Amino acid sequence: MLGFIKKDLLMIKSNIKIFAVLLLIYVAMAFQGQMDLSFLLPFMSVMIMMSTFSYDAFNKWDAYAVTMPNGRKNSVRAKYLATIILISITTIIITVLSLIISYTKNNTIDFENIIGTIFGSLFATILLQSLIYPAMYKFGPEKARIGLMTIIFSIAVIGGFLINYIDLSSIIKMLDFIGEYLIIIFSMVMIIMLYISYKISQKIYLKKEM
Amino acid sequence: MENILEIRNLCKKYKEFELQDVNITLPKGMIMGFIGENGAGKTTTIKAILDIIRNYTGEIKVFGYDNRKDNKKIKEDIGAVLDDMFFPEILTPNDINNIMKDIYKNWDSELYFKYLNDFGLPKTKQIKTFSKGMRKKLEIATAISHHPKLLILDEPTAGLDPIARNEVIDIFQSFIQNEECSIFLSSHITTDLEHIADYITFINSGKIILSKTREELLEDFGIVKCSKEEFEKIDKKDFIKYKKSKYEYDILVENKKDFYKKYGINTIDRITLEELMVLMIKGEE
């Protein structure tokens, strides 16, 4: 099992330079106030993990992994665990950088606001990855990538459409109502989403003809 | 003799291709060469043994265990080299060692690095910088470094130059010195199999058409070269296939000595696996 996780992490390490450069550019932009760094969390995590799926598909790793002990089970489990490790590291880096940027620019740390924004991004990250992974296993990275774009586009279009018809103040009131439980509730939703996604991916993979 | 691999009535249907009742038995300590033209069903059979494809009927036993139910038990002792299926190419041989030592209980880093040295493979370069031959050698080194008891190899010598092919064949031969170990390998390079295989199994259009020991094939089988007049006198039951060339007939016979006794034709050559393949596929009945 550990070997399979290592494989994904070593792949990420091999491409780390590209993502480090991207991070530097965004940090520079964030310093100039051109963008919010929390946006990077879903963007980078999804991009990095999708690149591992693409390399896997290119070298038919999935078929090769099946030749190893418990390859079918461990390969999927490792992908989800590697994702959790990656998201944890990215979240820590982005939180620390956001706090530093906030302090350097304003001489104070708007802790609540930063954590709130990053938590929102974290939720978006988990939601995207939970949706995309089963599609990756079922249809392969090429088709799943198109699916991802469609999901993002649909969310933007439907969201934009609904915003005109929904009374936002009632939603804000509702969120205020659950206020102190908000983080707990959303954390649980994230865990459940990821777990269901994992179960679906594993079911697909266990039956898959490579 | 104990069998390390047993395939019984394996059937697998695709839209345009079908494996039909494939039966194979590989005894312990032996090398079986699996031959056939492209698309004959070699890779599909290998994929079924390794559980890479699932929706098939029939039974596959490895080390006496069911290949699907007892997956974990048998995979520890199998090493595989597959055509174009390997680690993602951004990884390095060092990465592979790091990964494999946590996948196989018996992974032997020392042995793995010894093979890398013997093959002259760099340890820290990404696989994508390797030539096809280097990649194949890395795949072989990876497949045998956890001391497997069964090696399943799909075209392991394809893309290798003659020197590398010899090195690889030497490794297979030293692997088989341990009587507990066996090799099941498919190859187009039939001359390699003539040197190392104990058994030859021939698949054509999804069906096993021949499975014999190498001695039986190379010593007993033969090609009779004869004229049209001589050919017309031969009973159809006494040959397997024939091919008509410009001046003579090439006839594939199962037993050279019996044929000579019966017909007195002494222009009978020893057969090579390549000739056997061509005659079995292209010859007429």
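None of these values were measured; they are calculated from a predicted model.

(A) Geometry of the overall build of chain B. On a plain count of helices and strands, chain B comes out with 11 helices and 14 strands. Its C-alpha atoms give chain B a radius of gyration of 21 Å, near enough to 19 Å, the size a compact globule of 285 residues would have. Summarising its shape, the C-alpha atoms of chain B cover approximately 70 × 40 × 40 Å along the three principal directions. With 285 residues in all, chain B has 52% of them scored as buried. Of the roughly 13200 Å² that chain B leaves accessible, carbon and sulfur atoms contribute 44%. In chain B, the 44 positive side-chain charges and the 49 negative ones have mean positions that sit 4 Å from each other.

(B) Spotlight on the pattern of salt bridges. Residue and element names in this part refer to chain A. This structure, assessed with the given rule, holds 23 salt bridges over all chains. Asp56 is paired through a salt bridge with Lys7; the nearest N and O atoms lie 2.8 Å apart. One end of the pair, Asp56, is in helix α3 (residues 40-58); the other, Lys7, is in helix α1 (residues 2-14), and 49 residues separate them in sequence. The residue Glu142 makes a salt bridge to Arg145 at a minimum N-O spacing of 3.5 Å. Taken together, the residues span about one helical turn, with Glu142 and Arg145 both in helix α7 (residues 141-163) at a distance of three residues. Judged by relative accessible area, which is 27%, Arg145 ranks as partly exposed. Among the charged side chains, a salt-bridge network with shared partners connects Lys7, Asp8, Asp56 and Lys79.

(C) Examining the sheet that holds strand β11 (residues 222-226) of chain B more closely. Residue and element names in this part refer to chain B. The antiparallel open sheet is built from four strands, whose spatial order is β12-β13-β11-β14. At either end of the open sheet lies a strand with only one pairing partner, and these are β12 (241-244) and β14 (268-270). When the angles between neighbouring strand axes are averaged without regard to direction, this sheet yields 25°. With three bridges connecting them, β11 and β14 associate as antiparallel partners. Among the inter-strand pairings, Gly222 is bridged to a residue of β14, identified as Arg270. Contacting β11, β13 (249-253) and β14, helix α10 (residues 256-263) runs over the sheet at an angle of about 175° to β14.

(D) The arrangement of empty space enclosed by the protein in detail. All names here are of chain A. Summed over all chains, the structure comprises two cavities of 30 Å³ or more. Its volume calculated, the largest cavity comes out at about 40 Å³. Along its surface, the largest cavity is lined by Phe4, Lys7, Asp8, Asp56, Trp61, Asp62, Ser75, Ala78, Lys79 and Tyr137. Elements with a minimum of two residues in the lining of the largest cavity: α1, α4 (61-66) and α5 (71-106). Among the residues making up the lining of the largest cavity, the classes are represented as four nonpolar, one polar and five charged.

(E) How the structure looks around the interface of chain B and chain A. With 34 residues of chain B in contact, the opposing surface of chain A contributes 29 residues. Buried surface at the junction of chain B and chain A, summed over both partners, amounts to about 2800 Å²; 60% is from carbon and sulfur atoms. Counting the contacts that link chain B with chain A gives three salt bridges. A salt bridge links Asp102 of chain B to Lys6 of chain A, with the nearest nitrogen and oxygen atoms 2.5 Å apart. Across the contact surface, chain B and chain A share 14 residue pairs in polar contact (both at pLDDT 80 or more). Contributing elements (two or more residues each) for the side of chain B that touches chain A: α2 (71-75), α3 (93-100) and α5 (132-144) of chain B.

(F) Layout of the packing of α1 of chain A against α3 of chain B. It is at 8 Å that the axes of α1 of chain A and α3 of chain B come closest, and there the two elements cross at 150°. When the axes of α1 of chain A and α3 of chain B are compared, the pair comes out roughly antiparallel. Contacts from Gly3, Lys6, Lys7 and Leu10 of chain A of α1 of chain A reach α3 of chain B at Asp95, Asn98 and Ile99 of chain B.

(G) Inspection of the packing of aromatic side chains at higher detail. Inspection of every chain in the model, using the stated rule, returns 20 aromatic pairs over all chains. Relative to Tyr205 of chain A, the ring of Tyr137 of chain A has its centre 5.2 Å away and its plane inclined at 75°; by these criteria the two rings are edge-to-face. One end of the pair, Tyr137 of chain A, is in helix α6 (residues 111-139); the other, Tyr205 of chain A, is in helix α9 (residues 182-207), with 68 residues separating them in the sequence. As far as burial versus exposure is concerned, Tyr137 of chain A and Tyr205 of chain A are alike and both buried. Aromatic side chains Tyr14 of chain B and Phe17 of chain B sit 6.5 Å apart centroid to centroid with 25° between the ring planes, which places their arrangement in the stacked category. A network of ring pairs unites the aromatic residues Phe53, Tyr80, Tyr133, Tyr137, Tyr195, Tyr198 and Tyr205 of chain A as a single cluster. Against the face of Phe53 of chain A rests Lys79 of chain A, its NZ or CZ located 4.6 Å from the ring centre. A cation over an aromatic ring shows up here: Arg68 of chain B above the ring of Tyr56 of chain B, its NZ or CZ 4.0 Å from the ring centre.

(H) Representation of the side chain of Asp56 of chain A in the model. Residue Asp56 of chain A is classed as buried on the basis of its relative accessible area of 3%. When sequence neighbours within four positions are dropped, the list of residues in contact with Asp56 of chain A reads Lys7, Asp8, Met11, Trp61, Asp62 and Lys79 of chain A together with Pro88 of chain B.

(I) Highlighting the packing of α5 of chain A against α6 of chain A. Residue and element names in this part refer to chain A. Where α5 contacts α6, the axes come no closer than 11 Å and their chain directions differ by 155°. Between α5 and α6, the angle falls in the class roughly antiparallel. For α5 against α6, the interelement crossing comes out right-handed. Every residue of α6 that contacts α5 at Ser75, Val76, Lys79, Tyr80, Thr83, Ile87, Thr91, Ile94, Thr95, Ser98, Leu99 and Ser102 is listed here: Phe111, Ile114, Ile115, Ile118, Leu122, Thr125, Ile126, Gln129, Tyr133, Pro134 and Tyr137. For the contact of α5 with α6, the residue count by class is 14 nonpolar, eight polar and one charged.

Rules of the game
- Residue positions are counted from 1 within each chain, in the order its sequence is given.
- The lettering of chains begins at A and the numbering of ligands begins at 1, in the order of writing.
- Since the coordinates come from a predicted model, pLDDT governs what is reported: local features require at least 70, and pairs of side-chain atoms require 80 or more to be given and counted, while whole-chain, interface and lining totals use all residues.
- Excluding hydrogens and water, the side-chain values take into account all heavy atoms of the structure.
- Here a helix means four or more residues in a row that DSSP labels H or I, a strand means two or more in a row labelled E, and each is numbered from the N terminus.
- Only C-alpha atoms enter the radius of gyration, while the globule expectation follows 2.2 Å times N to the 0.38, with N the number of residues.
- Buried means the residue's accessible area, taken with a 1.4 Å probe over protein chains only, is under 20% of the maximum for its type, while exposed means over 50%, and partly exposed covers the values in between.
- Surface accessibility follows the Shrake-Rupley procedure with a 1.4 Å probe radius. Residue values consider only the protein chains on display as shielding.
- His is not counted here, nor are the chain ends, while Lys and Arg score as positive and Asp and Glu score as negative.
- Every charge is mapped to an atom, namely NZ of Lys, CZ of Arg, CG of Asp or CD of Glu.
- The salt bridge definition used is simple: a Lys or Arg side-chain nitrogen within 4 Å of an Asp or Glu carboxyl oxygen.
- Note: two strands are recorded as paired if DSSP finds a minimum of 2 bridges between them.
- Here the axes come from fitting lines to C-alpha atoms, over the contacting stretch only for helices, and the angles between their N-to-C directions go from 0 to 180 degrees.
- Contacts are residue-level and defined by heavy atoms, with any inter-residue pair within 4.5 Å sufficient.
- In this analysis a 1.4 Å probe is tested at points of a 1 Å grid over the protein atoms alone, and where it fits but cannot get out there is a cavity; an open set with protein on both sides within 12 Å along at least five of seven lines is a pocket; lining residues have an atom within 4 Å of a point.
- Grid points are joined across faces, edges and corners, and a volume is the space filled by probe spheres set on the points.
- Put simply, Ala, Val, Leu, Ile, Met, Phe, Trp, Tyr, Cys and Pro go in the nonpolar bin, Asp, Glu, Lys and Arg in the charged bin, and everything else, Gly too, in the polar bin.
- Note on terms: buried area is the combined drop in 1.4 Å-probe accessible area of two parts once they are placed together, counting the loss on both.
- Think of a polar contact as two N or O atoms within 3.5 Å of one another; within protein, one of them needs to be a possible hydrogen donor and the other a possible acceptor, and neighboring residues in sequence only count if both atoms come from side chains.
- Every angle not falling under 35 degrees, over 145, or within 65 to 115 is termed oblique; those three ranges are roughly parallel, roughly antiparallel and roughly perpendicular.
- Two rings belonging to Phe, Tyr or Trp (six-membered ring only in the last case) form a pair when the distance between their centres is within 6.5 Å. Interplanar angles under 30 degrees mark stacking, angles over 60 mark edge-to-face geometry, and anything in between is tilted.
- By the criterion adopted, a ring carries a charge over it if an Arg CZ or a Lys NZ lies within 6 Å of its centre and within 35 degrees of its normal.
- Here a crossing is taken to be left-handed if its near helix is turned anticlockwise relative to the far helix by less than a right angle, and right-handed if that turn runs clockwise.

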